[in-house]
Amino acid sequence: MSHATLTGLPQWQALQRHFRDIGGKHLRELFGADPKRGEALAVEAVGLYLDYSKQRVDADTLRLLCELAGARQLPQRIEAMFSGRRINTTEDRAVLHAALRAPRGEKILVDGHDVVADVHAVLDRMAAFSEQVRSGAWKGHSGKPIRNVISIGIGGSDLGPVMAYEALRDYSRRDMTFRFVSNVDGTDFAEAVRDLDPAETLFIVCSKTFTTLETLTNAHAARAWSVAALGEESAVAKHFVAVSTNAEGVAKFGIDTANMFGFWDWVGGRYSMDSAIGLSTMLAIGAHGFREMLAGFHAMDEHFRHTPLQHNLPAIMGLLGVWNANFLGAATVAVLPYEQYLKRFPAYLQQLTMESNGKHVTLDGAAIDYATGPIYWGEPGTNGQHSFYQLIHQGTHIVPCDFIGFGQTLNPIPAQGGGDQHDLLMANLIAQGEALAFGKTADEVRAEGTAEALVAHRTFEGNRPSSTILASRLTPHSLGTLIALYEHSVFVQGVIWDIDSFDQWGVELGKQLAKATIAELIAKDEPSLDHDSSTNTLIRRYRQLRDG
Ligand code: F6P
């Protein structure tokens, strides 16, 4: 498909003209002009309520953004993705994470082959294996049941499983230990296993390619640890399973492919937590809980695929992101879950959003002259409030915020002053959005009797954009809908920006250089170095420090 340059589109220019009208308006003014704005600029679907009235937009902005999406053929691109077209053009692959949660019996064809049947065959094997482990029927090499599960992987083969385990801890087996090892820093592995009995420990080696340096290094360390304690190489059969698309690599490592759970090249690493990569999640919450999570993903998939753009949650979220990045000039987004169980959600989103949309050329390889994926970061509320919120309220950068909260807590605890601690938590979420939007004027500060010298310091300009996402309760289902919401909003942005949201060439150069550098670090004799003067000096300095 050939694409007109984004900034040359009449729909883009219409947004630029619109920005000249609305860009200078304060949220106070926008709310003042429309008493129903808080209800009007909100949308609810599949159990998620999105209030975007505190974004610096009006109904016209949304209309114009949807027109831009139309010009970018977003509905057709959505259909192309769901129907298995090879939309990841730089890798010549289909993009079918939606097939991972398609119900049994649905058909999605890739090269004439129904992939949904394959997905359910793997899910059924995962469920049978999980049941064996959870029930104690799966015995370790010395006959003991498995009590500890360590998932080894990195990037998309780690961040999703870690996030989901933390998010769904309340639903997990409390008598089993779940840990995750990702970093090639030996400390990560050492700390994960130090208090565990190898006879009761199962390793899941997760790697799409089964070539990733960190994961293979940690998997070798795990095998050495296991075999040393259990006495025989044959122990591997009962203590190691693999999740990969690379059966040959798995077999070469020494894991029987009967103990391998597969997935496919049409699942991107950062879109794979609901594939077999989520085996640790299934072991923690059981097959039923895992299927509930898939149902949540699927509900959002259906909403995204079939809902007109102006009522479509991921489309609206994605388009607001474009508005903030390209018109407001916001370089970052803060994700602020007011839910302790979602503490790893921002880290998970960092890969999903930045590996997907951190791109500098269009699908055709042309240089881009507009901002693409913003920097995602965040921490759970209320902790962030006592740390970086100062900058969001009064700093010189615009930081659009996504507040995420739930109506019900999984851990009710009466609060001292009345109500539940959860009410205190949610009061903070709601108050932060209000403070950011409306601020406090100098006159209001003066009216409080503030000394004139401090008035400027205590004034809040406001007009800082945020969205609020509410759901009733954190469950496997609602987690699935929330993740799919972000997955699809990333896709929407990629379509507008005309980039490939599903490749990640930017991670390659560092990997290649590290390979060469390792040889220089471990060379017995002083290596002759041919890098720049900084890199050469760092290599020499490291060798001196290491060797004392
Ligand atoms: O380094 C980037 C990356 O390729 C990610 O995209 C991927 O999620 C991660 O490495 C891990 O890859 P693998 O699952 O093949 O080990």
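Bear in mind that the values here come from a model prediction, so they are computed numbers and not experimental data.

(A) Local environment of the overall build of the protein. When its secondary structure is counted, the protein shows 21 helices and 13 strands. Over its C-alpha trace the protein gives a radius of gyration of 25 Å, about what one expects of a compact globule, namely 24 Å for 548 residues. In the protein, which comprises 548 residues, the proportion classed as buried is 54%. In the protein, the proportion of contacts linking residues at least 24 apart, taken out of those at least 6 apart, comes to 73%. When the accessible surface of the protein is split by element, carbon and sulfur atoms take 52% of a total near 23,700 Å². One way to put it: in the protein the 49 positive side-chain charges average out to a point 2 Å from where the 63 negative ones average out.

(B) How the structure looks around the pairing of strand S7 (residues 201–206). A large share of S7 lies buried, amounting to six of its six residues. Residues of S7 alternate between two faces, with Thr201, Phe203 and Val205 on one and Leu202, Ile204 and Cys206 on the opposite face, all of them buried. Here strand S5 (residues 148–152) runs beside S7; their pairing, made up of five bridges, is parallel. Looking at the pairing, isoleucine 150 lines up with phenylalanine 203 of S7.

(C) Representation of the sheet that holds strand S1 (residues 42–45) within the structure. The mixed open sheet is built from six strands, whose spatial order is S1-S2-S13-S12-S10-S11. Each edge of the open sheet is held by one strand with a lone partner, namely S1 and strand S11 (375–377). Ignoring strand direction, the axes of neighbouring strands in this sheet form an average angle of 15°. Bridge analysis of S1 against strand S2 (residues 48–51) gives four bridges, and the strand direction is antiparallel. Across the sheet, alanine 42 pairs through a bridge with aspartate 51, a residue of S2.

(D) Molecular detail of the site of the ligand. Surveying the vicinity of the ligand reveals 14 residues, the closest of which are Ser157, Ser207, Lys208, Thr209 and Thr212. One of the backbone N or O atoms of lysine 208 is found 2.7 Å from an oxygen atom in the ligand. Starting from 400 Å² of accessible surface for the ligand in isolation, the protein chains cover 87%. The residue inventory of the shell around the ligand, partitioned by class, reads two nonpolar, nine polar and three charged.

(E) Up close: the domain arrangement of the protein. Once the domains are mapped, the protein shows domain 1 (41–72 + 307–497), domain 2 (100–285) and domain 3 (506–547). Each of domain 1 and domain 2 has a C-alpha centre, and these two points are 33 Å apart. Each side of the interface is counted separately: domain 1 has 24 residues, and domain 2 has 19 residues. Note on domain 1 versus domain 2: buried area summed over both sides is about 1,800 Å², and carbon and sulfur give 61% of it. A per-residue breakdown of the area domain 1 buries against domain 2 is headed by Tyr341, Tyr348 and Gln351, which together make up 32% of the total. The tally of links from domain 1 across to domain 2 stands at two salt bridges. The interface formed by domain 1 and domain 2 includes seven residue pairs in polar contact (both at pLDDT 80 or more).

(F) Up close: the nonpolar core. Membership of the largest hydrophobic core comes to 129 residues, with the highest contact counts inside it found for Trp266, Phe345, Leu479 and Tyr486. Here this core spans two domains, and each of domain 1 (41–72 + 307–497) and domain 2 (100–285) adds at least three residues to it. If we skip the residues at most four places from it in the chain, leucine 479 touches Met163, Ala164, Ala167, Leu168, Met293, Leu342 and Leu474.

(G) Representation of the packing of aromatic side chains. With the rule as written, the count across this model stands at 26 aromatic pairs. Taking 5.3 Å as the distance between ring centres and 40° as the angle between the ring planes, the aromatic pair formed by tyrosine 165 and phenylalanine 178 counts as tilted. Taken together, the positions of tyrosine 165 in helix H7 (residues 159–167) and phenylalanine 178 in strand S6 (residues 177–181) put the pair 13 residues apart, joining distant regions of the chain. Phenylalanine 178 shares its class with tyrosine 165; the two are buried. For the ring pair phenylalanine 345 and tyrosine 486, a centre distance of 5.6 Å and an interplane angle of 75° mean the geometry is edge-to-face. Of this pair, phenylalanine 345 sits in helix H14 (residues 345–357) while tyrosine 486 sits in helix H19 (residues 476–497); the two residues are 141 residues apart in sequence, bridging distant segments of the chain.

(H) Local environment of the UniProt feature "active site" (unreviewed entry) in the protein. The UniProt entry lists Glu355, His386 and Lys511 under the feature "active site" (unreviewed entry), expressed in the numbering used here. The annotated residues occupy 157 residues of the chain and do not converge on a single region, their most distant C-alpha atoms lying 36.9 Å apart. Along the chain, glutamate 355 falls in helix H14. Other than its neighbours up to four places away in sequence, glutamate 355 contacts Arg270, Gln350, Asp503, Gln504 and Val507. Secondary-structure assignment places lysine 511 in helix H20 (residues 508–522).

(I) Looking closely at the sheet that holds strand S8 (residues 240–244). Pairing within the open sheet is parallel, and its five strands lie in the order S6-S5-S7-S8-S9. Single-partner strands in this sheet number two, and they are S6 and strand S9 (260–262). Between one strand axis and the next, the sheet turns through 20° on average, direction left out of account. Bridging between S7 and S8 involves four bridges; their strand directions are parallel.

(J) Quick look at the packing of helix H4 (residues 59–71) against helix H13 (residues 313–327). Contact geometry of H4 with H13 gives a least axis separation of 10 Å together with a crossing angle of 100°. In terms of their interaxial angle, H4 and H13 are classed as roughly perpendicular. Of the residues in H13, those touching H4 at Thr61, Leu62, Leu65, Cys66 and Ala69 are Ile316, Leu319, Leu320 and Trp323. Looking at the contact of H4 with H13 residue by residue, the class counts come to eight nonpolar, one polar and no charged.

(K) Structural view of unusual backbone geometry. Here the bond from glycine 381 into threonine 382 is cis, since omega is 10°, no more than 30 degrees from zero. Assignment of secondary structure puts threonine 382 in the loop between S11 and helix H15 (389–394). Of note, the phi angle at glutamine 73 is positive, near 60°, even though the residue is not glycine. Structurally, glutamine 73 is set in the loop between H4 and helix H5 (74–82). According to the relative accessible area criterion, glutamine 73 is partly exposed, its value standing at 30%.

Reading the values: the criteria
- Residues numbered from 1 in each chain as written.
- Predicted model: local features only at pLDDT ≥ 70, side-chain atom pairs only at ≥ 80, totals over all residues.
- Heavy atoms only, no water.
- Helix = DSSP H or I, 4+ residues; strand = E, 2+ residues; numbered from the N terminus.
- Rg over C-alpha atoms; globule rule 2.2 N^0.38 Å.
- Buried < 20%, exposed > 50% of the residue type's maximum accessible area, 1.4 Å probe, protein only.
- Contact = heavy atoms within 4.5 Å.
- Areas by Shrake-Rupley, 256 points an atom, 1.4 Å probe, with all protein chains shown as cover.
- Lys, Arg positive; Asp, Glu negative; His and termini not counted.
- Charge placed at Lys NZ, Arg CZ, Asp CG, Glu CD.
- Pairing = 2+ DSSP bridges.
- Axes fitted to C-alpha atoms, helices over the stretch in contact; angles between N-to-C directions.
- Near = heavy atom within 4 Å.
- Polar contact = N/O pair within 3.5 Å; in protein donor to acceptor, adjacent residues only side chain to side chain.
- Nonpolar A, V, L, I, M, F, W, Y, C, P; charged D, E, K, R; others polar.
- Domains from an automatic or database assignment.
- Buried area = accessible area lost by both parts, 1.4 Å probe.
- Salt bridge = Lys/Arg side-chain N within 4 Å of Asp/Glu carboxyl O.
- Core = buried A, V, L, I, M, F, W, Y, C linked by side-chain atoms within 4.5 Å.
- Phe/Tyr/Trp six-rings, centres within 6.5 Å; stacked < 30°, edge-to-face > 60°.
- UniProt positions renumbered as here; feature names shortened; annotations may be inferred.
- Parallel < 35°, antiparallel > 145°, perpendicular 65-115°, else oblique.

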